[in-house]
Amino acid sequence: MFGPSSVPKPKYRSRWRTAAGIAYYRLRRRVSWMLGNKRFARLRRDEPLRHVHFTHRTPLLRQLRNVEMQLQHNKIINLRLAAQRLDGLVLQPGETFSYWKTIGKPTRRQGYVDGMVLHHGTVRNGVGGGLCQLSNLIYWMTLHTPLTVTERYRHGYDVFPDAGRKQPFGTGATCFYNYLDLQIENRTETCYQLRIWLTDTDLVGEWRADSPASHRYEITETRHWITQEWWGGYVRHNVICRNRFDAEGRWLDEQFVAENHAIMMYEPCLPEKANPDEVPGRSDL
């Protein structure tokens, strides 16, 4: 189950090499959308399905060291636009949800603005920045349903310590249009519906369905370790699993979810009173 613990030294490409790579992978993704045999979810329904299977919320604003608050406010604009494209989407049996195919390319023409993005563990400005908070939310909610995650990309950098963390490390899903996608397949006989909205303070999501939930899921970190690589950096590793319970609360089994490896952007041993909100680039941004 477990892959090698060694992580290669990060490679920094030239601007032209990076642009060429992005163009290539985006073209390859568009071709797969057109010629592939997946049946993507398209139906949207304003009326919510009857049964809530899981709901979650994350705060919209955080005060981060060396990060302009305007980027956080811009993120809210971007999240609101993306939420409008996702809210009410119905995932029928046999269909696949694609994060980017549903949202589309975030451009200024579509109303998206500069938000905060992470690049090699550093904070930058980018059109549509902040949408990883939405993909993180959807991925976390999906882990609490019978839906199957068929494509997900882990965050390659661990940019803040665990103080105040409410979810296990490595339970997010990074996104970058259009080839770092989040895809979820409905292999059940039940119709599911994704609900996404913003309050004054939070980004909120739900997976709803046309029948009640028959199982409950608990996400756990079953293994964790830190290594110092030959090139001098520290890398954090862990294994995420989930426990499945029946409707009466009886434990059924433990299922493997993911193995994560992330380059640490802080020292492994921080002072006890380190404030995570002062470290730029939290995974729920």
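Relevant structure appears above.
An account of the accompanying structure is given in this report. (Residues numbered from 1 in each chain as written. Predicted model: local features only at pLDDT ≥ 70, side-chain atom pairs only at ≥ 80, totals over all residues. Heavy atoms only, no water.)

**A look at the overall build of the chain**
Next up, step 1: Across its full length, the chain holds four helices and 13 strands.
Next up, step 2: Split into buried and exposed, the 285 residues of the chain put 48% on the buried side. (Helix = DSSP H or I, 4+ residues; strand = E, 2+ residues; numbered from the N terminus. Buried < 20%, exposed > 50% of the residue type's maximum accessible area, 1.4 Å probe, protein only.)

**Structural notes on a nonpolar patch on the surface**
Next up, step 1: On the surface, a nonpolar cluster with roughly 440 Å² of combined accessible area is contributed by L27, V31, M34 and L35.
Next up, step 2: Along the chain, V31 falls in helix 1 (residues 15-35). (Patch = residues over 30% accessible without salt bridge, like charges linked within 9 Å, V, L, I, M, F, W, Y side chains within 5 Å. Areas by Shrake-Rupley, 256 points an atom, 1.4 Å probe, with all protein chains shown as cover. Salt bridge = Lys/Arg side-chain N within 4 Å of Asp/Glu carboxyl O.)

**Observations concerning the sheet that holds strand 8 (residues 183-185)**
Next up, step 1: If you walk across this open sheet you meet the three strands as 3-8-6, and the pairing is antiparallel. Every other strand in the sheet has two partners, leaving strand 3 (96-98) and strand 6 (148-151) as the edge strands with one partner each. When the angles between neighbouring strand axes are averaged without regard to direction, this sheet yields 30 degrees.
Next up, step 2: As paired strands, strand 3 and strand 8 are joined by three bridges and run antiparallel to one another. What sits directly across from T96, in strand 8, is E185. (Pairing = 2+ DSSP bridges. Axes fitted to C-alpha atoms, helices over the stretch in contact; angles between N-to-C directions.)

**Some points on the packing of aromatic side chains**
Next up, step 1: Taken as a whole and assessed by the stated rule, the structure comprises six aromatic pairs.
Next up, step 2: A centroid spacing of 5.4 Å and a plane angle of 35 degrees characterise the contact between Y25 and Y179, whose relative ring orientation is tilted. Of this pair, Y25 sits in helix 1 while Y179 sits in the loop between strand 7 (157-158) and strand 8; the two residues are 154 residues apart in sequence, bridging distant segments of the chain.
Next up, step 3: Between Y99 and W100 the ring centres are 5.1 Å apart and the planes differ by 75 degrees, which places this aromatic pair in the edge-to-face class.
Next up, step 4: Of note, R223 hangs over the ring of W225, and the distance from its end group to the ring centre comes to 4.1 Å.
Next up, step 5: Positioned above the aromatic ring of F169, the side-chain terminus of R236 is 4.3 Å from the ring centre. (Phe/Tyr/Trp six-rings, centres within 6.5 Å; stacked < 30°, edge-to-face > 60°. Lys NZ or Arg CZ within 6 Å of the ring centre and 35° of its normal.)

**Examining the side chain of T102**
Next up, step 1: Structurally, T102 is set in helix 3 (residues 99-103).
Next up, step 2: Note on T102: relative accessible area 13%, which makes it buried.

**Looking at the sheet that holds strand 1 (residues 51-59)**
Next up, step 1: Judged by pairing direction, the sheet is antiparallel, and its four strands sit side by side in the order 1-10-9-2 without closing on themselves. The open sheet terminates on both sides in strands that have one partner only, identified here as strand 1 and strand 2 (89-91). The average angle at which neighbouring strand axes cross in this sheet is 20 degrees, direction not considered.
Next up, step 2: With seven bridges joining them, strand 9 (residues 192-198) and strand 10 (residues 202-209) adopt antiparallel strand pairing. Each residue of the ladder has a partner; that of L194, found in strand 10, is W207.
Next up, step 3: The strands touched by helix 2 (residues 69-86) are strand 1, strand 2, strand 9 and strand 10; relative to strand 9, the strand with the most contacts, the crossing angle is about 155 degrees. (Contact = heavy atoms within 4.5 Å.)

**A closer look at the pattern of salt bridges**
Next up, step 1: In the structure shown here, the tally under the stated rule is 11 salt bridges.
Next up, step 2: A salt bridge links D253 to R244; the nearest nitrogen and oxygen atoms lie 2.8 Å apart.
Next up, step 3: Relative accessible area serves as the criterion here: at 22%, D253 is assigned to the partly exposed category.
Next up, step 4: When the shortest N-O distance is used, the salt bridge between D246 and R250 registers 2.9 Å.
Next up, step 5: Using a relative accessible area of 12% as the deciding quantity, one classes D246 as buried.

**Focus on the environment of Q84**
Next up, step 1: Of note, Q84 is situated in helix 2.
Next up, step 2: A relative accessible area of 48% means that Q84 is categorised as partly exposed.
Next up, step 3: Distance from Q84 to I103, taken between C-alpha atoms, is 8.7 Å for residues 19 residues apart in sequence.

Limitation: the analysis is restricted to geometry and does not speak to function.
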